[in-house]
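# Residue-level structure breakdown
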Amino acid sequence: MISYAQALERLCADVRPLAGEACPLSAASGRVLARDVTSPMDLPSFDHAAMDGYALSAKGALGAGAEHDVGGSQAAGDATTGAHRGAWEIMTGAQLPEGLDTVVPVERTQLLSQGDDGMPARIRLLEPVEPGANVRLAGSDVARGTRVLPAGVRIEPSHVMLLAALGITHVEAVRMPRVAIICTGKELQPDPTQPLAAGQIHNSNGPYLGAALAVMGVQVVSCETVDDTADNYARAVQAACAAGADLIVSTGAVSMGRYDFVPETLRELGAEVLFHKVAMRPGKPLLAARMHDGALVLALPGTPMAVAVGFRFFIVPALRRMQRLSGEPMVHACLDTAQQPKQGLRHFLRATLFQDGEGRLHAIVQGPQHPFRIRPFAEADAWIVLPETAGDCPAGTLVQIVGMQAFPAFPLTPMHAPGAMA
């Protein structure tokens, strides 16, 4: 066995970052930028009113009681023509007429007269107005030529709003990783509409991996269930390679039993085994290999929590590196449930989180950590990570936590420089 840190370092050293490709903005959410985005324009692109009122010139009278003739009206979307003096009725978002640079809210004015058409003709200021008030200046949000998003950022809906406002229709995004899933075991029933025969169980690993990978912006090229024969596993691996998979994830048949054929089958297919067996719980028999065509293989034990740990602590870091994402921040919480982990193994424990009245984050371990139990996993908020040298951990110990998902829902500030979760 090797340590988790050694295994992760060896795995990530063998991961090849993917190339960039043009991506329509409409399909960019969840993708990762491969190149910086520079603003092609000022945002706003013109000086405009921040509220309904009257546009004035700072060179005119702006004190309380000052009176101004109203020369016209400007609505959002109207073009401006020629220079203007006096006051000009203006609506929120409308471009300031040429020569005017200040806006007084309509509620801070008194309408003195109207034209025959009912439009304001003359107003009086009820309060003094600061020069430049209530005006959004061109470029005050984004200046033309500035970098608005750096390479390596995962595109969120807020980024789409910004890019759309700048008139950007395409970005260069990292190519979506192609992943193949192979679940082994003659006991697995892959079709949930079919009744279970004696000794059969529903395949939950495949659907879980497919759903978890989708969150990461990954293209799942295949999800296949095979029996406990080396030939069928070899065929599935070869089919995944032929489909252009960057990563092949398999579950089951990776330990030391009679039907654990995965390690030898991969070697017979010409794969280079990077490591086999990691000093951790659950998921110790995990194996990583590189196929001769470059595809990476992560073979996970078949128990549900071994699959969950393998995904969160090996597949996620590998895919982040493929997608050119930086490492995840390291976050800590106060352990409320004393633990006595076995020395020499890294433990991954399911936990629920809460904040106390002073804003401190607490983690509670969810009962017995049996690797076959799925319900506690579905109810958990985070993984607690106890290193190989943790020793006894009484209540109150500060422990590392990792979000259950690849992209945690809670905002986290790094306590250390971003890096691998080692």
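In case you missed it, the structure is sitting above this.
Notes on the structure in this doc start here.

Analysis parameters
Residues numbered from 1 in each chain as written. Predicted model: local features only at pLDDT ≥ 70, side-chain atom pairs only at ≥ 80, totals over all residues. Heavy atoms only, no water. Pairing = 2+ DSSP bridges. Helix = DSSP H or I, 4+ residues; strand = E, 2+ residues; numbered from the N terminus. Axes fitted to C-alpha atoms, helices over the stretch in contact; angles between N-to-C directions. Phe/Tyr/Trp six-rings, centres within 6.5 Å; stacked < 30°, edge-to-face > 60°. Buried < 20%, exposed > 50% of the residue type's maximum accessible area, 1.4 Å probe, protein only. Arc of directions from axis to C-beta. Contact = heavy atoms within 4.5 Å. Expected span 1.5 Å × (residues − 1). Core = buried A, V, L, I, M, F, W, Y, C linked by side-chain atoms within 4.5 Å. Salt bridge = Lys/Arg side-chain N within 4 Å of Asp/Glu carboxyl O.

Taken together, six strands build an open sheet; the order of strands is β7-β4-β6-β5-β9-β8 and the sheet is mixed. Unpaired on one side and paired on the other, β7 (102-105) and β8 (109-114) mark the two borders of the sheet. Going from strand to strand, the sheet's axes swing by 35 degrees on average, the running direction of each strand aside. Where strand β5 (residues 67-74) and strand β9 (residues 120-125) come together, three bridges link them in antiparallel fashion. Across the sheet, the residue bridging to H68 is I123, located in β9.

Throughout the structure, instances matching the rule amount to 10 aromatic pairs. Between Y4 and F348 the ring centres are 5.7 Å apart and the planes differ by 75 degrees, which places this aromatic pair in the edge-to-face class. In this pair, Y4 is assigned in helix α1 (residues 4-13) and F348 in strand β23 (residues 346-355), connecting sequence segments 344 residues apart. Overall, Y4 belongs to the buried group, its relative accessible area being 0%. By relative accessible area, F348 is classed as buried at 2%. The rings of Y4, Y208, F275, F311, F313, F314, F348, F377 and W383 are connected pair by pair, giving a single aromatic cluster.

With five of five residues buried, strand β25 (residues 382-386) is to be regarded as a mostly interior element. A two-sided burial pattern is seen for β25, the buried positions comprising A382, I384 and L386 on one face and W383 and V385 on the other. In this sheet, β25 lies alongside β23 in antiparallel orientation, the contact comprising five bridges. Note on β25: the bridge partner recorded for L349 is I384. Bridge analysis of β25 against strand β26 (residues 398-403) gives four bridges, and the strand direction is antiparallel. Across the sheet, A382 pairs through a bridge with G403, a residue of β26.

Right, let's get into helix α3 (residues 205-215). Among all positions of α3, only N205, G206, L209, A212 and L213 are buried. Down the axis of α3, the buried side of the element spans an arc of 135 degrees, and every buried residue falls inside it. Tucked into the core, α3 has its buried residues touching β13 (178-184), β16 (219-226), β17 (247-251) and α6 (304-322).

Moving on, we come to α6. For α6, spanning 19 residues, the distance from its first C-alpha to its last is 25 Å, which sits close to the expected 27 Å at 1.5 Å a residue. For α6, the buried fraction is high: 18 of the 19 residues fall into the buried class. A positive phi of about 65 degrees marks R324, the residue just after α6.

One finds F275, F314, I315 and W383 to be the most contacted residues of the largest nonpolar core, which totals 52 residues. Mapped by element, the contributors of at least two residues to this core are α1, β13, α3, β17, β18 (272-276), β21 (296-300), α6 and β25. For this core, the leading source of residues is α6, giving 12 residues. Beyond its immediate sequence surroundings of up to four residues, F275 is in contact with I2, A7, R10, L11, L286, L287, A288 and F314. Among the nonpolar cores identified, the runner-up in size contains 24 residues, and Y233, A234, A240 and A299 belong to it.

Moving on, we come to the environment of I248. Position of I248 relative to the elements: it lies in strand β17. Judged by relative accessible area, I248 falls into the buried class, the value being 0%. Here the alpha-carbon distance between I248 and L298, two residues 50 residues apart in the chain, equals 6.3 Å. In contact with I248, not counting residues within four places along its chain, are A180, I182, V237, A240, C241, A295, L296, V297 and L298.

As a further point, take the pattern of salt bridges. One pass over the structure, following the stated rule, counts 16 salt bridges. One salt bridge in this structure joins R360 and E358, with 3.2 Å as the shortest N-O distance. Within the structure, one salt-bridge network assembled from shared partners comprises E67, D69, R122 and R124.

Geometric values such as these leave the question of function open.
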